[in-house]
Amino acid sequence: MPIVKNVSRAVSQLLQSSGCGCGISIVPVRCIGVSPRQVASDASFHSVSFSESDHPRVLITGGLGQLGVGLAKLLRKRFGKNNVILSDIRKPADHVFHSGPFIYSDILDYKNLREIVVNNRITWLFHYSALLSAVGEANVPLARAVNITGLHNVLDIAAEHNLRLFVPSTIGAFGPTSPRDPTPDLCIQRPRTIYGVSKVHAELMGEYYHYRYGLDFRCLRYPGIISADSQPGGGTTDYAVQIFHDAIKTGKFQCNLKPDTRLPMMYIDDCLKATLEVMEAPAEALTMRTYNISAMSFTPEELAQEVQKHIPELQVTYNVDEVRQAIADSWPMNFDDSNARRDWGWKHDYDLPEEESRG
Ligand SMILES: NC(=O)c1ccc[n+]([C@@H]2O[C@H](COP(=O)([O-])OP(=O)(O)OC[C@H]3O[C@@H](n4cnc5c(N)ncnc54)[C@H](O)[C@@H]3O)[C@@H](O)[C@H]2O)c1
Ligand SMILES: C[C@@H](O)[C@H](N)C(=O)O
């Protein structure tokens, strides 16, 4: 019998909140200039630090993708609407533009990014700009620029202005030589995508800046994130979002991964909750700067069966995309997040009661 894991709660939540009608997320393709580099390797960083009793002043880069708008909503509830600035290089939808401060920011423009941080007295930065795994393979030079040069800009500005910096990593930071079931925090990391390579680089650079310059760098390795009211940005786990939109819109879904491809996944509310929690965790609780977080793990076939419980007429077919399949086959199947649970009390809400066992 296949491993059937109960994703009911997340599926119900997704189908309830799936208003659909969202446009497909398109990552702009353009030429990239090299950003100026002003920070000397032995620079001593200094800035006005914010009092912990004040609300942080937050900037989110790449905030118009699958995760940023939800993150802004959560943070605005907590810290006040005007204390959270969304930024991106795309034009925001009306409802996003009217929901709180939005600003244009290209993370490859170092000077402009620094100006935004200074003028708005930013104290926390969530760095979401990236090209995900599949679009990254389709445009390696752009992925290298956005994911690596962009990160360098953000690291320098964060260190210079004493920011608390969150950079998400991913299950994609592991590769075929990593243990896959489960994958612990510390193990071999030899990813085979530019996305994965750039995320390992981000993890290591952030940790280096922490030890070298005292940067308050915090990083979570997210699983594939499923959401209903935002579109994925071109990753390998996109199918697990697209199925909900297609189930409601057309009743037909063509999956680009094989039916038995098991990957770690998480409902967006859990992902954003974890992100806020790790940013609020006392520094002394963090024994590491980069943590795996986990919630559930399923295959396309299992997810389809779960969705069909709610929409029995859903027809699912498979047309495997070789690039995405090769990526998925090199990624973890299950994530070990015991360090996050121990250090800062991570606990997911949308889980996988093991109602049926392997065998
Ligand atoms: N969604 C997931 O399943 C998932 C899983 C693991 C990690 N993550 C990480 O979380 C972060 C957010 O993910 P997402 O799914 O929202 O990504 P996304 O692809 O949906 O959005 C990324 C955003 O970055 C913006 N961007 C591209 N180039 C830029 C530039 N030069 N300057 C500023 N912005 C630029 C894009 O316009 C886009 O809105 C990423 O770093 C991603 O690696 C996401
Ligand atoms: C897993 C994650 O990093 C992203 N959703 C991708 O598939 O590329």
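Residues numbered from 1 in each chain as written. Chains lettered and ligands numbered in written order. Predicted model: local features only at pLDDT ≥ 70, side-chain atom pairs only at ≥ 80, totals over all residues. Heavy atoms only, no water.

- Named according to an unreviewed UniProt entry, the chain is L-threonine 3-dehydrogenase, mitochondrial originating from Anas platyrhynchos platyrhynchos.
- The UniProt entry for the chain carries this comment under Catalytic activity (unreviewed entry): "L-threonine + NAD(+) = (2S)-2-amino-3-oxobutanoate + NADH + H(+)". (UniProt positions renumbered as here; feature names shortened; annotations may be inferred.)

**A closer look at the overall build of the chain**
Okay, step 1: Looking only at helices and strands, the chain features 12 helices and 13 strands.
Okay, step 2: Taking all 359 residues of the chain together, 56% fall into the buried category.
Okay, step 3: Sequence-distant contacts in the chain: of pairs separated by 6 or more residues, those separated by 24 or more amount to 80%.
Okay, step 4: If you sum the accessible surface of the chain, you get close to 15,500 Å²; carbon and sulfur atoms cover 52% of it. (Helix = DSSP H or I, 4+ residues; strand = E, 2+ residues; numbered from the N terminus. Buried < 20%, exposed > 50% of the residue type's maximum accessible area, 1.4 Å probe, protein only. Contact = heavy atoms within 4.5 Å. Areas by Shrake-Rupley, 256 points an atom, 1.4 Å probe, with all protein chains shown as cover.)

**A short note on the UniProt feature "domain: NAD-dependent epimerase/dehydratase" (unreviewed entry) in the chain**
Okay, step 1: Annotation from UniProt places "domain: NAD-dependent epimerase/dehydratase" (unreviewed entry) at residues 58-293.
Okay, step 2: Regarding residues 58-293, the helix share stands at 41% and the strand share at 18%, and the terminal C-alpha atoms are separated by 23 Å.

**Description of the confidence of the model for the chain**
Okay, step 1: Considering every residue of the chain, the mean pLDDT works out to 88; 85% of them sit at 70 or more.
Okay, step 2: For the chain, the element scoring lowest by mean pLDDT is helix α1 (residues 8-17), at 70; strand β4 (residues 124-127) scores highest, at 99.
Okay, step 3: Ignoring residues within four places in sequence, the model shows residues 1-6, a span with pLDDT below 50, making 20 contacts including any to other chains.
Okay, step 4: This stretch, residues 19-52, has a pLDDT under 50; its non-local contacts, to residues over four places away or in other chains, come to 61 contacts.
Okay, step 5: If you check the scores for this complex, the pTM reads 0.89 and the ipTM reads 0.99. (pLDDT = per-residue confidence, 0-100.)

**Topic: the packing of helix α4 (residues 110-119) against helix α6 (residues 140-160)**
Okay, step 1: Close contact between α4 and α6 brings their axes to 10 Å; oriented N to C, the two are set at 35°. Of the two possible hands of crossing, α4 and α6 adopt the one that is right-handed. Facing α4, whose interface residues are Tyr110, Leu113, Arg114 and Val117, α6 presents Asn153, Val154, Asp156, Ile157 and Glu160.
Okay, step 2: Looking at the contact of α4 with α6 residue by residue, the classes come out as 5 nonpolar, 1 polar and 3 charged. (Axes fitted to C-alpha atoms, helices over the stretch in contact; angles between N-to-C directions. Left-handed = near helix turned anticlockwise from the far one by under 90°. Nonpolar A, V, L, I, M, F, W, Y, C, P; charged D, E, K, R; others polar.)

**Structural notes on the packing of aromatic side chains**
Okay, step 1: Using the criterion set out here, one finds 12 aromatic pairs in the structure.
Okay, step 2: Seen from their ring centres, Tyr208 and Tyr209 are 6.2 Å apart, and the 70° between their planes marks the pair as edge-to-face.
Okay, step 3: What makes Tyr208 partly exposed here is its relative accessible area of 43%.
Okay, step 4: The exposure class of Tyr209 is buried, given its relative accessible area of 10%.
Okay, step 5: Members of the aromatic cluster, joined through ring pairs, are Phe79, Trp124, Phe126, Tyr128, Phe166 and Tyr222. (Phe/Tyr/Trp six-rings, centres within 6.5 Å; stacked < 30°, edge-to-face > 60°.)

**What to know about the site of ligand 1**
Okay, step 1: Taken together, 27 residues sit near ligand 1, with Gln66, Asp88, Arg90, Asp106 and Tyr195 positioned nearest.
Okay, step 2: Here an oxygen atom of ligand 1 and a backbone polar atom of Gln66 are 2.8 Å apart.
Okay, step 3: Contact with the protein chains removes 98% of the 820 Å² of surface that ligand 1 exposes when unbound.
Okay, step 4: Among the secondary structure elements, those contributing two or more residues to the shell around ligand 1 are β6 (169-170), α7 (194-213) and β8 (224-226).
Okay, step 5: Considering only residue class, the shell around ligand 1 consists of 13 nonpolar, 10 polar and 4 charged. (Near = heavy atom within 4 Å. Polar contact = N/O pair within 3.5 Å; in protein donor to acceptor, adjacent residues only side chain to side chain.)

**Points about the side chain of Thr193**
Okay, step 1: By secondary structure assignment, the location of Thr193 is in the loop between β6 and α7.
Okay, step 2: Residue classification places Thr193 among the buried positions, given a relative accessible area of 5%.
Okay, step 3: Polar side-chain contacts of Thr193 include one of 2.8 Å to the backbone nitrogen of Gly196.
Okay, step 4: Excluding its chain neighbours within four sequence positions, the residues that come into contact with Thr193 are Glu137, Gly172 and Ile327.

**Quick notes on the environment of Asp260**
Okay, step 1: With respect to the helices and strands, Asp260 occurs in the loop between β9 (252-255) and β10 (263-267).
Okay, step 2: Taking C-alpha positions, Asp260 is 27 Å from Leu186, a pair spaced 74 residues apart along the chain.

**Thoughts on the nonpolar core**
Okay, step 1: Grouped together as the largest cluster of nonpolar side chains are 67 residues, with contacts concentrated most on Ile60 and Trp344.
Okay, step 2: The biggest single contributor to this core is helix α9 (residues 268-280), with 7 residues.
Okay, step 3: Counting 31 residues, the second-largest nonpolar core is a separate cluster that includes Ile85, Leu155, Leu163 and Cys219. (Core = buried A, V, L, I, M, F, W, Y, C linked by side-chain atoms within 4.5 Å.)

**Describing the pattern of salt bridges**
Okay, step 1: Per the stated rule, a full pass over the model turns up 13 salt bridges.
Okay, step 2: Between Asp216 and Arg289 there is a salt bridge, and its shortest N-O distance comes to 2.8 Å. On the criterion of sequence distance, the pair formed by Asp216 in strand β7 (residues 216-222) and Arg289 in the loop between α9 and β11 (290-292) is long-range, its members being 73 residues apart.
Okay, step 3: Its relative accessible area of 17% is what places Asp216 among the buried residues.
Okay, step 4: Here Arg341 makes a salt bridge to Asp337, at a shortest N to O gap of 2.8 Å.
Okay, step 5: Residues joined by salt bridges that share partners form a network here, namely Arg164, Asp216, Arg218 and Arg289. (Salt bridge = Lys/Arg side-chain N within 4 Å of Asp/Glu carboxyl O.)

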